[in-house]
Amino acid sequence: MVLHLLYGQQQLQNCLDLLGADDTVLVMEAAVVEAVSGSFSGLPCDVLVLDESDSNRARSDGLRVTDTAGLLDLITRYPHSVSWS
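Residues numbered from 1 in each chain as written. Predicted model: local features only at pLDDT ≥ 70, side-chain atom pairs only at ≥ 80, totals over all residues. Heavy atoms only, no water.

(A) How the structure looks around the confidence of the model for the chain. Scored by pLDDT, the chain comes out at a mean of 90, with 92% of its residues at no less than 70. The spread of mean pLDDT over the elements of the chain runs between helix 2 (residues 30-35), the lowest at 87, and strand 1 (residues 2-6), the highest at 98. (pLDDT = per-residue confidence, 0-100. Helix = DSSP H or I, 4+ residues; strand = E, 2+ residues; numbered from the N terminus.)

This is how it looks when you write it as structure tokens:
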């Protein structure tokens, strides 16, 4: 059970190779999602996007949005986290 904090796209493939069903990927910047569109389909785990502008809005790509409170909740629920840039 690992929380993967994705800050950039350089290590994206390394991150994707290590994902398990109990993991969660949190994309720290919405611009990363646009840069790697399609990479998150078919993953075995949840993918969320950190976005402070409106955590209740739906994204057109189907990914869920969370805010700082959601980030803090994830950090407390996961025993391990890995940062990817």
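(B) Quick peek at the sheet that holds strand 5 (residues 80-84). Read across the sheet, five strands follow the order 4-3-2-1-5 without closing on themselves; strand pairing throughout is parallel. Pairing within the sheet leaves two strands with one partner each, and these edge strands are strand 4 (64-66) and strand 5. Taking each pair of neighbouring strands and ignoring which way they run, the sheet shows an average axis angle of 25 degrees. Across four bridges, strand 2 (residues 24-27) lies against strand 3 (residues 46-50) in parallel orientation. (Pairing = 2+ DSSP bridges. Axes fitted to C-alpha atoms, helices over the stretch in contact; angles between N-to-C directions.)

(C) Broad picture of the nonpolar core. The biggest cluster of nonpolar side chains holds 16 residues, and the ones touching the most others in it are Leu-6, Val-25, Val-27 and Phe-40. Of all the elements in the fold, those that place two or more residues in this core are helix 1 (12-17), strand 2, helix 2 and strand 3. Residues within four places of Val-27 in sequence aside, it is in contact with Leu-6, Val-32, Val-33, Phe-40, Val-47, Leu-48, Val-49 and Leu-50. Counting nine residues, the second largest nonpolar core, distinct from the first, contains Leu-3, Leu-26, Leu-71 and Tyr-78. (Core = buried A, V, L, I, M, F, W, Y, C linked by side-chain atoms within 4.5 Å. Buried < 20%, exposed > 50% of the residue type's maximum accessible area, 1.4 Å probe, protein only. Contact = heavy atoms within 4.5 Å.)

(D) Main features of helix 3 (residues 68-77). When we look at burial in helix 3, the residues that qualify are Gly-70, Leu-71 and Leu-74. The arc that holds the buried residues of helix 3, viewed along the axis, is 105 degrees, so those residues lie on one side. For helix 3, exposure combined with an orientation more than 90 degrees from the buried face picks out Ala-69, Leu-72 and Thr-76. In the core, the buried residues of helix 3 are packed alongside strand 1, strand 2, strand 3 and strand 4. A side-chain oxygen of the first residue of helix 3 lies 3.2 Å from the backbone nitrogen of Ala-69; this N-cap is Asp-67. (Arc of directions from axis to C-beta. Polar contact = N/O pair within 3.5 Å; in protein donor to acceptor, adjacent residues only side chain to side chain.)

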